[in-house]
Each structure stands twice: as structure tokens, then as C-alpha cells.
Amino acid sequence: MNIEPFLPRHDGAFELPEPARAAEVTELLKGAVDLHCHSGPAAMPRVLDHREAMRDAVEAGFRALLFKDHYYVGMPHTILLQSHFPEDRIDLFSGIALNNASGGINPHAVDHAVALGAAIVWMPTLSAANHLADAGKQTKTFPKTTRKMLPVEPLSVLDTNGALTDNAKRVLDIIAEADIILSGGHLSAEELHILFEEAGRRGVKKLLVNHPTYVIGCTDEDIRQLVGLGAHMEHSIGMFVGGKSLKFTPQELAHLIQVAGVDRTVLSSDLGLLGSPRPVAGFRAIVQTLLDLDFAESDIRKLIGDNAASLLKLP
């Protein structure tokens, strides 16, 4: 078996044109927050590493940046970066994704992540049974790892009777006590309704649905119901701007924002993968898109920063 280490890649980013209203875009990006930055090192090749992502965000005036990896917790990286670069005035965060590499829906792993300062727990993503069932459809362009990994064991928060597993409930209790974000990962819309309802009963206050129309399978009614449970809808900027991940139109984005409401929508990059823009470039493009769609500047600030900041409990 090839056991060469995974290393970050610093090339392969998709270049976007300069926004037509560059000065307005630059001003609106001040105070932005990215809850979904896929910088490296990672098992999947990335176009930039965590330090580069941090530097890009600082130069653009971002308020905070949250590193996401499908295989490992990123808090040690954020702690070291903030310690070694105190002059960079940005808050860094990360969390844990409950995939096979973390032992699945593992309360012990979540408890450890909280002890390290995790800001978010993602339910299974690429190990989710729902994600695997989608193979060959929306996930056919999902990033591949540098080398072949062990076979994936499908994960769900539900048992064979359709009820939440005991481990899922224990994870919810840990999240509630820590008052951090519960993300649905790549669970199905059906699973999310059951999970979020129980999360609310157990005191979880911050609920996030990742890219509800990609893999998750949310209808407009699903979105309305999940918002009714207190959830925010997080849409991936990379799926609405140029590059390998482009899947939806600006008009579809405007519709999705209208369905959930500006106050319950978060736009995060979900960028860092080969063939797509760098995260900050994606933010610049989506702000131009929102201006073209005639969104008010106050609403744009909520969508790209203020709503995410509230989930991170930033003052």
C-alpha cells in the first residue's frame, strides 16, 4: 500500500475575473466570515494551506475563518496559527466531522474536540449513508483523495427502526452543553428533521444545514420546516461561482435565500479544492452576484458575515 504523506497543493485554482464593482465588493468583504474553508494539508489535494487561507482572509479584512476537513480536527492548527501570527487580527475556528476516520458518530471524539475548542460538529459527510447512496449523481464530481483509502462504512444517525441512535443522542448532549454548532453534514433531509427536532429538545441552539440542495435533498418545504426548528441554511459559494464545483445559477441562489430568509442564510466558501477559486476569490464573486441581484448592502453583510458571526458567538 502506498503510504506517502498527504501534502498541500499550491496550484490548480480556477481564476475568476475581477468583479465589475470591485471597490464596493472590497468594502463589503470587511467583516466577512467563512464557516467552510477547505484549505490543507488534507487527504484531498488543496490549492492552498491553512496559513495561506488565513493570510488571504486577513488581507481582505475578514473577521473569522473556520477550517473544515473531512478526516481530522483542525483546532491544533488554529491554535498554533493564532499563537505564531498574533499580528493577523482574525479569529480562527475548526471542528470535527464524524466520519469513519473519527470513529463515526463517536461521543468520545466529540468530547475531545470540545476540549480542544471545537466550534462545530459536522455529522457524517463523505461517510454518510446518504452521501454514498448518491454515488454517480451529484457527488460524481466530489473531490477524490490523493490515494485510495479503506472502504467506507456507511453512517447514519438513525437505527434500523428509524430512531436516533444512543450515540447520536450523546453527541447532541455534548454539543448542547458546549453551546457550539451542530451541522447536519451530508445526512438526508429526512434524517435532519429527526436529528434537529431532538437536538432542540436537548438544548442545542445552533443548527446548520450544509448545502441543502446538494446531496441533502431539501425541498423548499424542507427548508422552511428546518428554519422553523431554528436552523440556518448554509449555501456553498463554490456551487454558485465559476469553477469545477459550479452547479447552480444566481437566480436559484436568490430563490433559496428568499425561502429561508436573509436572517437564516449563511454563505460560506466550501472552497480550497482543485479546479475552483480560492476561498476569498469565491467570496468576491458571490458579493458581485448579490449586488447584481439587487440585494441591499445590509443584507449582503448578514449573508457573508453577520449571521455566521452570531453562530460563532463573536461579539
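Quick notes on the rules
Residues numbered from 1 in each chain as written. Predicted model: local features only at pLDDT ≥ 70, side-chain atom pairs only at ≥ 80, totals over all residues. Heavy atoms only, no water. Core = buried A, V, L, I, M, F, W, Y, C linked by side-chain atoms within 4.5 Å. Buried < 20%, exposed > 50% of the residue type's maximum accessible area, 1.4 Å probe, protein only. Helix = DSSP H or I, 4+ residues; strand = E, 2+ residues; numbered from the N terminus. Contact = heavy atoms within 4.5 Å. 1 Å grid on protein atoms, 1.4 Å probe; cavity = no way out; pocket = protein on both sides within 12 Å on 5 of 7 lines; lining within 4 Å. Points joined across faces, edges and corners; volume = space filled by probe spheres on them. Nonpolar A, V, L, I, M, F, W, Y, C, P; charged D, E, K, R; others polar. Axes fitted to C-alpha atoms, helices over the stretch in contact; angles between N-to-C directions. Parallel < 35°, antiparallel > 145°, perpendicular 65-115°, else oblique. Left-handed = near helix turned anticlockwise from the far one by under 90°. Phe/Tyr/Trp six-rings, centres within 6.5 Å; stacked < 30°, edge-to-face > 60°. Lys NZ or Arg CZ within 6 Å of the ring centre and 35° of its normal. Salt bridge = Lys/Arg side-chain N within 4 Å of Asp/Glu carboxyl O.

> Is there a simple way to explain the nonpolar core in this structure?
By size, the foremost hydrophobic cluster in this structure holds 83 residues, and its most contacted members are Leu182 and Ile304. A per-element tally of this core places helix 10 (residues 279-292) first, with 7 residues. In contact with Ile304, other than residues within four places in its own chain, are Leu28, Leu29, Ala32, Val33, Leu267, Phe283, Ile286, Val287 and Leu290. With 17 residues, the next largest nonpolar core counts Leu35, Ala119, Ile181 and Leu314 among its residues.

> So what exactly am I meant to see when it comes to the layout of surface pockets here?
Gaps left between atoms are located by rolling a probe of water-molecule size over the structure's atoms. Roughly 380 Å³ of internal volume is contained in the largest pocket. Taken together, 17 residues make up the lining of the largest pocket; nearest its centre are Tyr71, Leu126, Pro143, Lys144 and Val152. A class-by-class count of the residues in the lining of the largest pocket yields 11 nonpolar, 3 polar and 3 charged. The space that makes up the second largest pocket amounts to roughly 250 Å³. As for the second largest pocket, its lining consists of 14 residues, and the residues nearest its centre are Tyr71, Asn100, Met149, Leu150 and Pro151. Its residues assigned to classes, the lining of the second largest pocket comprises 8 nonpolar, 3 polar and 3 charged.

> I keep staring at the packing of helix 8 (residues 220-228) against helix 9 (residues 250-260) and nothing clicks. Help me out?
Relative orientation of the contacting elements helix 8 and helix 9 amounts to 40 degrees, with a least axis distance of 9 Å. It follows that helix 8 is oblique to helix 9 by the angle criterion. Once helix 8 is placed against helix 9, the crossing between them reads as right-handed. Here Asp220, Ile223, Arg224 and Val227 of helix 8 come into contact with helix 9, specifically with His255, Leu256, Val259 and Ala260. Looking at the contact of helix 8 with helix 9 residue by residue, the class counts come to 5 nonpolar, 1 polar and 2 charged.

> Before we go on, may I ask you to explain the packing of aromatic side chains in this structure?
By convention here, two paired aromatic rings are described through the distance between centres and the angle between planes. Within the structure shown, the criterion is met by 2 aromatic pairs. When the ring of Phe62 is compared with that of Phe283, the centres are 5.0 Å apart and the planes differ by 75 degrees; the resulting orientation is edge-to-face. Remark: Phe283 occurs in helix 10 and Phe62 occurs in the loop between helix 2 (50-59) and strand 2 (64-67); sequence separation between them is 221 residues. Just as Phe62 is buried, Phe283 falls in that class too. Relative to Phe248, the ring of Phe240 lies with its centre 5.4 Å away and its plane at 35 degrees, an arrangement referred to as tilted. Note on Phe248: relative accessible area 14%, which makes it buried. Its guanidinium or amino end placed over the ring of Phe85, Arg51 lies 3.6 Å from that ring's centre, counting from NZ or CZ.

> Got a minute to help me understand the pattern of salt bridges in this structure?
Where charged atoms of side chains with opposite charge meet at close range, the side chains can pair. Within the structure shown, the criterion is met by 12 salt bridges. For Glu198, the salt bridge goes to Arg202, with nearest N and O atoms at 2.6 Å. Using a relative accessible area of 14% as the deciding quantity, one classes Glu198 as buried. Salt-bridge contacts for Asp263 lead to Lys302; the nearest nitrogen and oxygen are separated by 3.0 Å. Here Asp263 is found in the loop between helix 9 and strand 8 (265-268), whereas its partner Lys302 is found in helix 11 (residues 297-311), with 39 residues between them in sequence. Given a relative accessible area of 27%, Lys302 falls into the partly exposed group.

> How should the side chain of Thr125 be read in this particular structure?
Relative to the assigned elements, Thr125 resides in the loop between strand 4 (120-122) and helix 5 (129-133). Assessed through its relative accessible area of 0%, Thr125 is described here as buried. The residues touching Thr125, leaving out its near neighbours within four places in the chain, are Lys68, His70, Asn99, His131, Gly185 and His186.

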